[in-house]
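Summary of structural features
One letter stands for each residue in the lines below.
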Amino acid sequence: MSLKIFISDIHLSDTTTGGHNISLETLEGFWNDIKSDVENANGTKELIILGDFIDVIRSTKWNGDIQPWNKIDDIKNVVDGIVKDIYKKNAQVFDRFKGFVEAGLSITYIMGNHDRLINSDGYNDIRKYIQEKLGLIPTGQKFPWKYSVDGLPIYAVHGNDFDIYNKTENSSLPIGDAIVTLLINQYPEEVKKALEEKDAPNATQVYKALQEIDNLRPSTVTPYWIDYVKKSLQSDDQSLLVDTWNNLSEKFFDNGFVKDWFQKNDYWSFLPDDADKLEIAFRHFTDTKLGRAYEKFLEIKKDFIKETDQNAVAALKLINSNKCDYVLFGHTHESAVHLLDVDGGKEKYYINTGTWRNRIVPGGYKRKGIVFGHQKSIDYVMFKIDDSEIKEFQLW
């Protein structure tokens, strides 16, 4: 019996945008879950990391004119510095993954949108560094973008290419990078400066809460999280949160890279296109009146559900084109399993590997305002295989 275990979206960071890294205890819990299966398997045992294991984008080292969409030769030192700092902040976690390899569990690292820069041409030394720290053979070769094995009915990718804002196929530069580096990374820092200048109480509490924006699911509820957070400030200070966002938003839409993306993706139509939705979300959300907040939230939630369905539709196309039974994505931070088809007695599934990051989710049932809760899980998918035949899969 062989094992294939899939995880994704660990997002190890340099902590400049918040202390969101997983703990060694979390990793030990994962090992305790899979240990008996690994030890009892007499065939190959493989751990597939389906993208965004390290997060090179979530760092305040991206600032001013130093941005991920610059020429790769110009930003190599920045990427190298971020990767080295990620290791320093997570040395025990890397060592434990190396321990998995020593215990007979091989590791395959697939690229995602937040770690893709380490796959740049000329970054062989950075890849060698990561491979060495994970206990892999330090070849410096590029990491693959997809996982498939001849004779095995599994096709796995990170899934960002089915997200218009984070597509990287055909060397596309995703607008998602700019959303993170120009808005999400900078917003807590700018708010903190403004609050400290006014000597406002609860400035640290607000700062840490705003660093959680990247953990919001769906991310479209960000305006309501900000409204939720600002209630911890005195009324005279609450406007700083809106004013700071509006200032950053104006700079965002004035950025040359962002303008180029909008030129390529903004089309005339009766209904809002993807570019229009982005502009509404980031430029106009402060116009939303609290009386319509819940109504708008329900509209956003419906859009998000449709997006999830679109991932399943994309997975079905991949199942047909790759003649496989299982398609796996990560990226959304929402673990899921969907039966797509049954053909000749073979069940066809779309599976999402979720995340190990903390998630902040809105409550969908309270009619007076939106409430938020914190959720944490260790999501993984395990396939048990005998002679290239999948005997069972488990989503944990």
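One can find the structure itself at the top, above this paragraph.
A brief look at the structure comes next. Within every chain, residues take consecutive numbers counted from 1 along the sequence as written. Local features in this predicted model are restricted to residues whose pLDDT is 70 or higher, and side-chain atom pairs enter the listing and the counts only when it is 80 or higher, whereas totals over whole chains, interfaces and linings include all residues. In computing side-chain properties, one takes all heavy atoms of the structure into account and sets aside hydrogens as well as water.

Salt bridge, as used here, is a side-chain nitrogen of Lys or Arg placed within 4 Å of a carboxyl oxygen of Asp or Glu. Overall, the coordinates contain 20 salt bridges when judged by the stated rule. Across the pair Arg58 and Asp214 runs a salt bridge whose closest N-O atoms are separated by 3.1 Å. Pair noted here: Arg58 is in the loop between β2 (45–50) and α2 (72–89) and Asp214 is in the loop between α7 (203–210) and α8 (222–230), with a separation of 156 residues, a long-range link. Of the two residues examined, Arg58 and Asp214, each falls in the buried class. Numbering of helices and strands runs from the N terminus; a helix is a DSSP stretch of H or I covering at least four residues, while a strand is a stretch of E covering at least two. When a residue's accessible area, from a 1.4 Å probe over protein chains only, is under 20% of the maximum for its type it is buried; when over 50% it is exposed; and in between it is partly exposed.

A few words on the side chain of Arg357. By secondary structure assignment, the location of Arg357 is in the loop between β8 (346–352) and β9 (359–362). In this structure Arg357 is buried but unpaired, with Asp214 as the nearest side chain of opposite charge at 4.1 Å. Under the rule applied, a polar contact is a pair of N or O atoms within 3.5 Å (in protein, one hydrogen donor and one hydrogen acceptor; residues adjacent in sequence only if both atoms are side-chain atoms). Separated by 2.8 Å, the side chains of Arg357 and Asn215 make a polar contact. Whether two residues touch is decided by their heavy atoms; if any such pair falls within 4.5 Å, the residues are in contact. Apart from residues no more than four positions distant in its own chain, Arg357 is found in contact with Asp9, Ile10, His11, His20, Asp214, Asn215 and Gln375. Counted as positive: Lys and Arg. Counted as negative: Asp and Glu, with His and the chain ends omitted from the count.

The next thing to look at is helix α6 (residues 186–197). In this scheme, a helix's expected span is set at 1.5 Å multiplied by one less than its residue total. Over its 12 residues, α6 extends 17 Å from the first C-alpha to the last, a length consistent with the 16 Å expected when each residue adds 1.5 Å. Listed as buried for α6 are Gln186, Tyr187, Pro188, Glu189, Val191, Ala194 and Leu195. Its buried side turned inward, α6 meets α5 (175–184), α7, α8 and α9 (235–254). The positive-phi residue at the C-terminal boundary of α6 is Asp199, with phi of around 55°.

Membership of the largest hydrophobic core comes to 88 residues, with the highest contact counts inside it found for Ile54, Phe97 and Ile118. Beyond its immediate chain neighbours, meaning those up to four positions away, Phe97 contacts Ile7, Leu27, Leu47, Ile49, Phe53, Ile107 and Leu134. Residue types Ala, Val, Leu, Ile, Met, Phe, Trp, Tyr and Cys, when buried and joined through side-chain atoms within 4.5 Å, form a set referred to as a nonpolar core.

DSSP bridges decide pairing: two strands pair if at least two such bridges lie between them. Strand order in the open sheet made by the 5 strands is β4-β5-β6-β8-β7, with mixed pairing throughout. A single partner strand is all that each edge strand has here, and the edge strands are β4 (146–148) and β7 (336–343). Pairwise comparison of adjacent strand axes, ignoring direction, gives a mean angle of 15° for this sheet. With 4 bridges connecting them, strand β6 (residues 326–329) and β8 associate as parallel partners. Across the sheet, residue Leu328 finds its bridge partner in β8, namely Ile351. Lines fitted to C-alpha atoms define the axes, with helix axes restricted to the stretch in contact, and inter-axis angles between N-to-C directions lie between 0 and 180 degrees.

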